[in-house]
Amino acid sequence: PLVSLPLPVSHTLYFYFDFGSPWAYIASTQVQRIASEHSSLLVYRPILLGALFKSIGTPNVPMLAISDSKRRYGLRDMNDWMEWWG
């Protein structure tokens, strides 16, 4: 789906997302505002991150392949961003 914006639209913002990604969810709460602020047409592009990861040789769930300390920090970072954006 496309988001209607007042004309003129000067740019196109493609938002690639996977429904299963918490980071994509966080970004989805802000992407319409960002597109609007920059007079950009917003185009949603769903992708399958698992298929992308497989094609480039990355673990299907990268967070499970990193050290415990990095995983804990990543979760903390994600929670901080969710709190920041409400």
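What counts and how
Residues numbered from 1 in each chain as written. Predicted model: local features only at pLDDT ≥ 70, side-chain atom pairs only at ≥ 80, totals over all residues. Heavy atoms only, no water. Helix = DSSP H or I, 4+ residues; strand = E, 2+ residues; numbered from the N terminus. Expected span 1.5 Å × (residues − 1). Salt bridge = Lys/Arg side-chain N within 4 Å of Asp/Glu carboxyl O. Buried < 20%, exposed > 50% of the residue type's maximum accessible area, 1.4 Å probe, protein only. Core = buried A, V, L, I, M, F, W, Y, C linked by side-chain atoms within 4.5 Å. Contact = heavy atoms within 4.5 Å. Phe/Tyr/Trp six-rings, centres within 6.5 Å; stacked < 30°, edge-to-face > 60°.

Caption draft 1: Representation of helix H4 (residues 68-84) in the model. In this model H4 runs 24 Å from its N-terminal to its C-terminal C-alpha over 17 residues, within 8% of the 24 Å that 1.5 Å per residue would give. After H4 finishes, the residue Gly86 shows a positive phi value of roughly 75°.

Caption draft 2: Structural view of the pattern of salt bridges. If you walk through the whole model with that rule in mind, you get two salt bridges. The salt bridge involving Asp68 is made with Arg71; its shortest N-O contact spans 2.3 Å. With Asp68 and Arg71 both in helix H4, this residue pair falls three residues apart, about one helical turn. Assessed through its relative accessible area of 25%, Arg71 is described here as partly exposed.

Caption draft 3: View of the nonpolar core. Residues Phe15, Phe17, Ala24, Val31, Ala35 and Leu42 constitute the largest nonpolar core, which totals six residues. Listing elements by their share of this core, those giving two or more residues are strand E2 (11-17) and helix H2 (31-37). If near-sequence neighbours (up to four positions away) are discounted, Val31 is found in contact with Leu13, Phe15, Leu42 and Tyr44.

Caption draft 4: How the structure looks around the packing of aromatic side chains. Inspection of the entire model under this criterion finds six aromatic pairs. Ring geometry for Phe15 and Phe17: centres 5.5 Å apart, planes at 15°, overall stacked. Here Phe15 and Phe17 have matching classes, each one buried. Ring centres of Trp84 and Trp85 lie 6.2 Å apart, and the angle between their planes is 85°; on these two criteria the pair is classed as edge-to-face. For Trp84, a relative accessible area of 64% puts it in the exposed group. Among the aromatic residues, ring-to-ring pairing joins Phe15, Phe17, Phe19 and Tyr44 into one connected group.

That's the geometry; what it means functionally is another story.
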